[in-house]
Amino acid sequence: MEFKQLQYFMAICEELHFTRAAEKMGVSAPNISQQIRRLEEELGVLLFDRIGKTIVLTEAGAILHEHGAAVLGHLQQASDAIADLKQMRGGSLSIGVLPGDADLMFNALLLNFHQTYPTVSLSLLETMKVTEQVLDRSIDIGVTIGPVIDERLTSIPLFHEEFSLAVSRNDPLATESIIPFNKLQTLKLVMFPSDHQCRMLIDRYSMDNGFALQPHMVTTTLSSLLQMVQNGVGACVLPRLLLENLHHPDIKVVHLKNPSPSQDICLIYRRDRYIGYAMRTFIKTVRAYIENAIHHAKSS
């Protein structure tokens, strides 16, 4: 079995289409078909069942796919390890986060990371498909809502995120420390758009409690949201950790109860990938950053 044949085979497994697999590998469809036929002749088994225009893996094909993935995974790890060694504590890392999380948590973190580790190149992508893009290797690390249960992934819990109400210090609610969640339906609210992950969480809790929120104003950025709260345009619901670490003198944090909206945040990466200097350093920095933020929130 030649390595190129294994690559062709794995490409067909991904695409389940010979022509698309050939295009992906940069060869002609007849060429890739010929190589698979030679591989089948060498192994003495069929690897694909061809039913009209549809192809499916045979039992033998499924076995080869499992072991082929392991082989390519080990080769990728070796390549990553050698690249990491050559870069001498440099490297690059792509990070996927849910829409809005860049504003809510990562901007300050990335600035701090760059100042501490200037030789590591980072790229941050907001995406609704964090898990899928970690799995297809288009991003290296994902930060998303947990739990994420997939044997192909390593998942590291980061923190339990609770949400609170932010109001202007001149708002009558600023004298309260806790209000029931269902009081939100009586308030003038400023919120993120409906496709923002924070908004989706609050909308889900509202629907579960028998009502739908109708925001007074919608904005896409955290800075404008906070400015509207500060100026008394309306109240908003945001992660408590974020609000308490802002230490904004014109904004009061009011806790929500019965229920308290919350979610678990975790970091994920492929179990079969090499953990190089860039990734090790980033994971360590993220965990320290969050622990520090939690400590400051508790002590304030």
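Anyway, here's the lowdown on the structure attached to this text. (Residues numbered from 1 in each chain as written. Predicted model: local features only at pLDDT ≥ 70, side-chain atom pairs only at ≥ 80, totals over all residues. Heavy atoms only, no water.)

1. Digging into helix 3 (residues 29-43)
Inclusion rule: To qualify as a helix, a DSSP run of H or I must reach at least 4 residues; to qualify as a strand, a run of E must reach at least 2; elements of each kind are numbered from the N terminus. The length a helix should cover is 1.5 Å for every residue beyond the first. Relative accessibility under 20% of the residue-type maximum defines a buried residue, over 50% an exposed one, and the middle range a partly exposed one, all with a 1.4 Å probe and only protein chains included. Throughout, the arc means the angular range of directions from the helix axis out to the C-beta atoms.
Helix length check: helix 3, at 15 residues, gives a terminal C-alpha distance of 21 Å against a target of 21 Å (1.5 Å per residue), a fit within 8%. Among the residues of helix 3, Ile 32, Ser 33, Gln 35, Ile 36, Leu 39 and Glu 40 are the ones counted as buried. Buried residues of helix 3, viewed axially, fall in a sector of 160 degrees; they line one side. In helix 3, the exposed positions angled more than 90 degrees off the buried face are occupied by Pro 30 and Glu 41. The positive-phi residue at the C-terminal boundary of helix 3 is Gly 44, with phi of around 75 degrees.

2. A few points about the packing of helix 1 (residues 3-15) against helix 2 (residues 18-25)
Rules: Helix axes use the C-alpha atoms of the stretch in contact, all axes being lines fitted to C-alpha atoms, and the angles between their N-to-C directions lie in the range 0 to 180 degrees. Angular relationships are summarised with four words: roughly parallel below 35 degrees, roughly antiparallel beyond 145, roughly perpendicular across 65 to 115, and oblique for the angles in between. By definition, any crossing whose near helix is turned counterclockwise from its far helix by less than a right angle is left-handed, and any crossing with a clockwise turn is right-handed. In what follows, residue pairs with any heavy atoms lying within 4.5 Å of each other are defined as contacts. The nonpolar class holds Ala, Val, Leu, Ile, Met, Phe, Trp, Tyr, Cys and Pro. Asp, Glu, Lys and Arg form the charged class, and all remaining residues, Gly among them, are polar.
Two elements in contact, helix 1 and helix 2, have axes whose closest approach is 8 Å; the angle formed by their N-to-C orientations is 125 degrees. Accordingly, the angle class assigned to the pair helix 1 and helix 2 is oblique. Helix 1 and helix 2 meet at a crossing whose hand is right-handed. On helix 2, the residues that touch Gln 7, Tyr 8, Ala 11, Ile 12, Glu 14 and Glu 15 of helix 1 are Phe 18, Arg 20, Ala 21, Lys 24 and Met 25. For the contact of helix 1 with helix 2, the residue count by class is six nonpolar, one polar and four charged.

3. Thoughts on the pattern of salt bridges
Short version of the rule: Should a side-chain nitrogen of Lys or Arg be within 4 Å of a carboxyl oxygen of Asp or Glu, the pair is scored as a salt bridge.
Counting across every chain of the model gives 10 salt bridges. Arg 137 is paired through a salt bridge with Asp 272; the nearest N and O atoms lie 2.9 Å apart. Placement of the pair is Arg 137 in the loop between helix 6 (130-135) and strand 5 (141-145) and Asp 272 in the loop between strand 12 (262-270) and helix 10 (277-299), with a sequence separation of 135 residues. A salt bridge links Arg 152 to Asp 150; the nearest nitrogen and oxygen atoms lie 2.8 Å apart. Of the residues examined, Arg 152 reaches a relative accessible area of 44% and is grouped as partly exposed. Three or more residues are tied together by salt bridges with common partners; here these are Glu 14, Glu 15, Arg 20 and Lys 24.

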